[in-house]
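# Geometric and topological summary
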Amino acid sequence: MDIFIQQIINGLVLGSIYALVALGYTMVYGILGLINFAHGEVVMLGALTAYSTITGLLGLGVPLPLAALAGLAVAALLCMAVGYTVERIAYRPLRGAPRLAPLITAIGVSIVLQNGAMMVWGRNYHAFPNLVPERQYDVFGATITLLQVLTVLLAALTMAGLMLLVLRTKLGRAMRATAENPAIAQLMGVDVNRIVSLTFVLGSALAALAGLMVSANYSIAHYYMGFILGLKAFTAAVLGGIGNLAGAMVGGILLGLIESLGAGYIGDLTGGFFGSNYQDVFAFFVLIAVLVFRPSGLVGEKVAERA
Amino acid sequence: MSAPLLDARGVAKDFGGVKALKDVSLSIAPGEIYGLIGPNGAGKTTFFNCLTGLYAPDGGGFTFAGAPLKASAPHQAARRGIARTFQNIRLFAHMTARENVMVGRHVRTRAGVIGAILRDPRTRAEEAAIARRADELLHYVGIADRAHDLAKHLSYGDQRRLEIARALATEPRLLCLDEPAAGMNATERAALRTLIAGIRADGVTVLLIEHDVKLVMGLCDRVAVLDYGQLVVEDVPAVVQRDPRVIEAYLGAAPDEAGQGGAGEGGHA
């Protein structure tokens with residue numbers, strides 16, 4: 001088995017998921033200048049809701065494809081409701097407050113959601129059911145599963161749809177106008193509060209999809225999974241240039257590849273001193289490097305122009 | 001005079017003790033070009049900001065087309081039919097000229113989230129109509145050839161025209177122009193004058209803040225003068241030009257010199 005190709009494949013899968021989550025961070029940042037640290041928890045809620053819905057429906061004898069779709073739909077609806085509510089009660093009252101206040105609030109919201117999930121789903125790891133038949137394909141000596149193919153395809157389609165929405169529709173224009181200058185957008189008749197709500201709702205729907213994908217690919221869901229995933233997706237957003245949609249996608253894929261290749265080769269390179277369990281280190285190493293050498297990110301413009 | 005389009009009654013605004021507007025009352029008739037002049041810091045732009053809902057006035061209020069305007073609700077003001085441009089240009093710099101105008105159509109179109117996601121025929125027809133109207137307006141203000149350039153790449157004069165096109169896209173009944181001629185050369189000013197006259201001819205009432213006295217006196221049906229936040233005089237240009245209080249407060253020169261362009265630029269009361 002070719003390790004290099006295999007790690008590229010794994011990296012693409014992981015990267016697509018990071019990209020979906022990173023989009024949620026970057027959209028909110030673009031419009032409000034707020035790092036919504038609770039976004040990772042929304043991913044977790046998506047995963048656990050999908051888990052409960054799917055296992056519940058399977059127990060009732062509902063066929064798998066139908067149960068999987070229903071799981072995605074219920075998770076998306078719940079996450080959208082959570083995203084909307086969080087903005088409404090935790091962030092909107094702090095609009096115009098110093099930046100630190102909503103940031104700390106976001107951390108608070110994150111803790112609330114995490115502990116809420118722990119009360120509902122418990123501390124245990126839940127085994128996520130297989131959503132698609134375990135089929136494998138050979139690609140240049142590496143293996144790719146049907147699930148991996150679907151993950152990457154669905155993520156790509158979703159992101160293409162989002163780009164179309166933002167670049168080609170009235171709603172997207174209103175979002176971009178609000179991101180550039182909320183006061184002026186408002187004078188043009190754009191209801192800025194509505195646009196902000198919609199941004200949270202859209203980002204949360206992407207998070208729900210990402211949550212389902214993570215759990216399907218790693219066969220596991222638990223209340224703590226959102227924390228590290230959120231941090232990494234945030235890293236991906238910063239890597240690409242926070243506030244920039246294309247940047248979040250590029251950053252996500254790139255971070256997935258870096259982690260995957262890093263984990264694949266670190267053992268060989270250090271003579272076995274570090275193992276693949278150091279995978280997480282790479283993401284944060286990247287975060288530090290970007291912040292030091294190119295704070296505006298790869299695709300990002302100067303931050304000052306955005307803020 | 002017929003029922004006024006805009007009636008301002010006792011509008012007041014304080015900024016931490018500084019009274020930017022003191023009890024300003026004026027009314028604008030439909031179809032008028034109404035000039036608002038005064039020295040720098042007299043409160044002209046503050047008046048605009050109160051009118052368009054960017055500031056909530058501390059006293060008084062506005063009646064527009066027979067119904068009161070809700071204070072501090074900019075998107076409501078746009079819906080009611082008030083549009084404005086800015087003294088310091090505020091376009092969406094990273095969007096194209098055409099997209100800037102298309103944002104202005106927001107308030108007059110219906111498609112929402114569902115439409116944006118489903119892309120049903122009605123939504124697409126509306127999108128096409130928005131684009132078409134935007135192109136017409138760019139043509140109307142004379143910058144059709146710059147439609148696909150980013151707003152930040154347009155020349156200063158073109159950016160001012162784009163602001164007017166964007167404001168017109170909201171289908172205003174009252175168009176408020178905040179120093180539209182600032183930084184324009186003589187040719188551009190002449191074109192602007194034709195443009196404003198044309199906008200009025202198309203049935204839009206115009207409220208104009210301008211330092212170029214020649215432009216104001218030549219174009220406006222009536223002129224109001226603000227000084228230290230107070231309305232000094234409101235009348236037809238010929239009378240305003242000769243009013244001693246105006247000459248003292250604003251023009252700072254003999255009446256016959258007031259006719260010369262830019263005389264107000266250095267005017268500090």
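Treat the numbers as computed from the prediction; the structure is a model and nothing was measured. (Residues numbered from 1 in each chain as written. Chains lettered and ligands numbered in written order. Predicted model: local features only at pLDDT ≥ 70, side-chain atom pairs only at ≥ 80, totals over all residues.)

## What about the overall build of chain A?
Helix and strand counts for chain A come out as 12 helices and 4 strands. The C-alpha radius of gyration computed for chain A amounts to 19 Å, which stays within 12% of the reference 19 Å derived for 307 residues, consistent with globular compactness. The dimensions of chain A, computed from C-alpha atoms along their principal axes, are 60 × 50 × 35 Å. In chain A, the proportion of contacts linking residues at least 24 apart, taken out of those at least 6 apart, comes to 76%. (Helix = DSSP H or I, 4+ residues; strand = E, 2+ residues; numbered from the N terminus. Rg over C-alpha atoms; globule rule 2.2 N^0.38 Å. Contact = placed C-beta atoms within 7 Å.)

## Considerations on the sheet that holds strand β8 (residues 205–209) of chain B
Residue and element names in this part refer to chain B. If you trace the 6 strands from one edge of the open sheet to the other, you get β6-β7-β8-β3-β9-β10, paired in mixed fashion. Single-partner strands in this sheet number two, and they are β6 (82–84) and β10 (230–235). Pairwise comparison of adjacent strand axes, ignoring direction, gives a mean angle of 20° for this sheet. Summarising the sheet, strand β3 (residues 33–37) and strand β9 (residues 222–227) pair through 4 bridges and their orientation is parallel. From the neighbouring strand, isoleucine 37 faces β9, where its bridge partner is valine 225. In the packing of helix α7 (residues 186–201) onto the sheet, contacts are made with β3, β7 (174–178) and β8, and the angle to β8 comes to roughly 150°. (Pairing = 2+ DSSP bridges. Axes fitted to C-alpha atoms, helices over the stretch in contact; angles between N-to-C directions.)

## Topic: the sheet that holds strand β4 (residues 59–64) of chain B
Residue and element names in this part refer to chain B. Spatially, 4 strands are ordered β2-β1-β4-β5 in an open sheet, and the strand pairing comes out antiparallel. Here the strands that pair on one side only, and so sit at the sheet edges, are β2 (18–28) and β5 (67–68). Note that β4 and β5 share 2 bridges and pair antiparallel. Across the sheet, phenylalanine 64 pairs through a bridge with alanine 67, a residue of β5.

## Focus on the domain arrangement of chain B
As far as domains go, chain B holds domain 1 (6–81 + 172–258) and domain 2 (92–155). Its C-alpha centre places domain 1 of chain B at a distance of 29 Å from the equivalent point of domain 2 of chain B. (Domains from an automatic or database assignment.)

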